[in-house]
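Coordinate analysis (summary)
Each chain, written out:
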Amino acid sequence: MQQTLSQPQTTVTASTRGNVTRARIAGALGVIIAIGLIAVVVSRVDPGKVSTLTIPQPGGQIGQPLARIPLPTVPTVIVIQTLLGLAGIYIAIRQPLRWIVLYVSALIGLAFFTILLWAVAGSSVDLVDVLARVVRLATPITLGALAGLICERSGVVNIGIEGTMLFSACIGYIAAILTGYTWLGVAAAMLTGSVVSALHAVLSVNFKVDQIISGTVINLLAVGTTGYLRGAFIVPYEQRSGAEIVAQALGRQQIPGLWRIPILGPVLFSHPPITYLMLILVFVVNLMLFRTVWGLRTRAVGEQPKAADTVGINVNRLRFWNVVGSGLISGLAGAWFSLESTFRFDDVMTNGRGFIALAAMIFGKWTPLGAFGGALLFSSADALQIKIQGFNFGLPRQFLQMLPYIVTLIVLAGIIGRARPPAAVGKPYEKG
């Protein structure tokens, strides 16, 4: 049991039966993407064009960056994608299973970088701003993934995170415009997340309702209820009292001294408050899950609930309060949408980020640090499509909007490796 409750097993095992293995699929995918990107860029970009990456000096004058990195677009893309293609051939032939996750991550990241170079051919782009956007846009995905892994580590599947975030975004915004205090809106959003998650806990833990059905009900309920609240209250209130609304979106806070560190400062120390809370929570949850009694018990009831019961752990009570506690984090993610990213509430404004958060959790093998890495990968697709939407370089805008979901499909298809969830996840516990 001790071995079971230690760090989760990274069972990145590929089937060695037959000729079609996970390593060969990943390698072949890499070769196809490399050839495709080289062909497209060579055919559409003038060989003489240069993509310039600029690194600004924090607090410096506009137009006087710390560094300019000119990269010949076509040769750079050919070199990067050729190396990726050769690595893909090596992966397909030698099938080194431990390198598959790293290779697929590099493949996705460098494919995005290639599209960025293609978009800014003949122009320049602020590289530090792109990286800062990646961190900022990872906030709701990371928070949703943390909420999901707290539930699933204790044995409860929670696909209702999307709906919980949407409920929280709506109620938090209403609380903010009524009281005039944005932080009261954040508190209301977290409380709402906790209440909605309590509903999921009651249904799935106490009444043994199918956990997938319970989460689906919450998601559907959120779309209908928040849509009604927006039409019946939010829009009329904004039209009637727009000038009287004094609350505003949470603004960017720069950490004194640290934000002036070149590159690292703007990327990590110049964000709005919820983004800082996300960065702190990643390490706090990781510490609590693997270094505290609560974490040991949570992992125990998620892996071997009967064994945990025999040593005096109340399995269902711990699962219930873990689900309720995860709602606070989901609520904070909801507040990010309506009170930090922007100051308004739109229908279905979470836009599937709750589901992508679950994919990031799986990508990270149910660990907080891994989930954060997965969230950065997903948010890089968002940051890319936002950053280059002003460039006219021939790639359809709809394709760019599909990027986060394409990455999600790649992860959920299991190309990165088979992820082993907690043994008792999704299984109601009956004492006796």
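The structure this text deals with has already been given above.
Residues numbered from 1 in each chain as written. Predicted model: local features only at pLDDT ≥ 70, side-chain atom pairs only at ≥ 80, totals over all residues. Heavy atoms only, no water.

Things to note about the overall build of the chain
- The number of helices and strands found in the chain is 16 helices and five strands.
- Against the globule reference of 22 Å for 432 residues, the chain gives a C-alpha radius of gyration of 23 Å, in line with a compact fold.
- Taking the principal axes of its C-alpha atoms as reference, the chain extends roughly 70 × 65 × 40 Å.
- Looking at the chain as a whole, 52% of its 432 residues are labelled buried.
- When the accessible surface of the chain is totalled, it reaches about 19,400 Å², and 64% of it is carbon and sulfur.
- In the chain, which carries 31 positive and 15 negative side-chain charges, the distance between the mean positions of the two groups comes to 11 Å. (Helix = DSSP H or I, 4+ residues; strand = E, 2+ residues; numbered from the N terminus. Rg over C-alpha atoms; globule rule 2.2 N^0.38 Å. Buried < 20%, exposed > 50% of the residue type's maximum accessible area, 1.4 Å probe, protein only. Areas by Shrake-Rupley, 256 points an atom, 1.4 Å probe, with all protein chains shown as cover. Lys, Arg positive; Asp, Glu negative; His and termini not counted. Charge placed at Lys NZ, Arg CZ, Asp CG, Glu CD.)

Structural notes on the packing of aromatic side chains
- On inspection of all chains with the given rule, the structure shows four aromatic pairs.
- Taking 5.5 Å as the distance between ring centres and 25° as the angle between the ring planes, the aromatic pair formed by Phe233 and Tyr237 counts as stacked. In this pair, Phe233 and Tyr237 are both assigned in helix H8 (residues 211-241), four residues apart and thus about one turn of the helix distant.
- Among the residues examined, Tyr237 registers a relative accessible area of 15% and is labelled buried. (Phe/Tyr/Trp six-rings, centres within 6.5 Å; stacked < 30°, edge-to-face > 60°.)

Overview of the pattern of salt bridges
- All chains considered together, the criterion is met by seven salt bridges.
- Arg133 serves as the salt-bridge partner of Asp129, at 3.0 Å between the closest nitrogen and oxygen. With Asp129 and Arg133 both in helix H5 (residues 127-153) and four residues apart, the pair spans about one turn of that helix.
- On the accessibility criterion, Asp129 (21% relative accessible area) is partly exposed. (Salt bridge = Lys/Arg side-chain N within 4 Å of Asp/Glu carboxyl O.)

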